[in-house]
Amino acid sequence: MKLRYSTTSPFVRKVHVLAIETGQIDKIELVKTNTSDPNSDHGKDNPLNKVPALVLDDGSKLYDSRVICEYLDAQSGGKFFPPAGPARWTALRRQALADGMIDAAILRMIESRKPENLRSAEWDKKQKLKVTQGLDALEADHLGPQLDIGTMTVSIMLEYLDFRFKAEDWRTAHPKLAAWHKTFCERASFKKTLPHD
């Protein structure tokens, strides 16, 4: 299999961590992809020109981290996506919340890179509110020690905030979340996949 990736994408990191945790990373060839390169042939693997995109051995393609993660998990026996029932809906809800917070953080990062006269403080404020409300909801959640698609995505999202918004301290106002995250970021799969420019 071939995985289109970048070293900064938290969505790629979800796939990378899951592939390591399920013992499939050696079956995947990593293809570094610059999604903003107009000469890239990435569109043939994902018409949205986004990463991650996974090309399977039979040539078929999967895109979006949620789809790729569920595919890889199914290939390895279904450890990350709980079976139907309350645990599944909790894991999927947490994944959806963390993915949405990542989306908002990425939009903030993109806005911050615009020329100052083109930036919108109101837009940044709206996106930051989504992240703050998400952090508050996670602080009130009962996150446990289990590693599933929900807790994995939450941890990756928190490390993305550290990567792109170091000056904004989320830990002080969310001590339970910070203590929970501390145990997760010690996993070898997380240490091997830290984002970098």
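To start, this report covers the structure provided alongside it. Since we're looking at a predicted model, the values are computed, not measured.

**Describing the pairing of strand E2 (residues 29-32)**
- Direction of pairing for strand E1 (residues 2-5) relative to E2: parallel, over a ladder of four bridges. Residue pairing in the sheet places Leu3 in a bridge with Leu30 of E2.

**A look at the layout of surface pockets**
- As a volume, the largest pocket reaches approximately 930 Å³.
- Contributing to the lining of the largest pocket are 32 residues, with Ser9, Phe11, Thr35, Val51 and Ile106 lying nearest its centre.
- Residue assignment for the lining of the largest pocket shows that the elements contributing at least two residues are helix H1 (10-21), helix H2 (65-75), helix H3 (86-112) and helix H5 (149-164).
- Here the lining of the largest pocket takes six residues from H3, the largest share from any one element.
- For the lining of the largest pocket, a count of residues per class yields twelve nonpolar, eleven polar and nine charged.

**Some words on H5**
- Taking 1.5 Å of rise per residue, the 16 residues of H5 would be expected to cover 22 Å, and the 22 Å separating its terminal C-alpha atoms lies within 8% of that figure.
- At the N-terminal end of H5, a side-chain oxygen is found 2.9 Å from the backbone nitrogen of Gly150, two or three residues along, and the residue is Asp148.

**Side note on the packing of H3 against helix H4 (residues 121-140)**
- The contact between H3 and H4 brings their axes to 9 Å, and the two run at 150 degrees. Here H4 runs roughly antiparallel to H3, going by the angle between their axes. For the crossing formed where H3 meets H4, the hand is left-handed. The segment H3 lies against H4, with Leu97, Met101, Ala104, Ala105, Leu107, Arg108 and Glu111 engaging Trp123, Asp124, Gln127, Lys128, Lys130, Val131, Gly134, Leu135, Ala137 and Leu138.

**Re the nonpolar core**
- Leu72, Met152, Met157 and Leu177 are the most contacted members of the largest nonpolar core, which totals 45 residues.
- For this core, the secondary structure elements donating two or more residues are H1, H2, H3, H4, H5 and helix H6 (175-184).
- Of all the elements, H5 adds the most residues to this core, at nine residues.
- Once you skip the residues sitting within four places of it in the chain, Leu72 turns out to touch Met1, Val15, Leu18, Ala19, Gln24, Ile28 and Leu54.

**Some thoughts on H2**
- Of the residues making up H2, those classed as buried are Ser65, Ile68, Cys69, Leu72 and Asp73. Across the axial projection of H2, the buried residues extend over an arc of 130 degrees, all falling on one side. Among the exposed residues of H2, those pointing more than 90 degrees away from its buried face are Ala74 and Gln75.
- Lining the buried residues of H2 we find H1, strand E3 (53-55), strand E4 (61-63) and H5.
- With a side-chain oxygen positioned 2.8 Å from the backbone nitrogen of Arg66, the residue opening H2 is Asp64.

Rules and cut-offs
- Residues numbered from 1 in each chain as written.
- Predicted model: local features only at pLDDT ≥ 70, side-chain atom pairs only at ≥ 80, totals over all residues.
- Heavy atoms only, no water.
- Pairing = 2+ DSSP bridges.
- Helix = DSSP H or I, 4+ residues; strand = E, 2+ residues; numbered from the N terminus.
- 1 Å grid on protein atoms, 1.4 Å probe; cavity = no way out; pocket = protein on both sides within 12 Å on 5 of 7 lines; lining within 4 Å.
- Points joined across faces, edges and corners; volume = space filled by probe spheres on them.
- Nonpolar A, V, L, I, M, F, W, Y, C, P; charged D, E, K, R; others polar.
- Expected span 1.5 Å × (residues − 1).
- Polar contact = N/O pair within 3.5 Å; in protein donor to acceptor, adjacent residues only side chain to side chain.
- Axes fitted to C-alpha atoms, helices over the stretch in contact; angles between N-to-C directions.
- Parallel < 35°, antiparallel > 145°, perpendicular 65-115°, else oblique.
- Left-handed = near helix turned anticlockwise from the far one by under 90°.
- Contact = heavy atoms within 4.5 Å.
- Core = buried A, V, L, I, M, F, W, Y, C linked by side-chain atoms within 4.5 Å.
- Buried < 20%, exposed > 50% of the residue type's maximum accessible area, 1.4 Å probe, protein only.
- Arc of directions from axis to C-beta.

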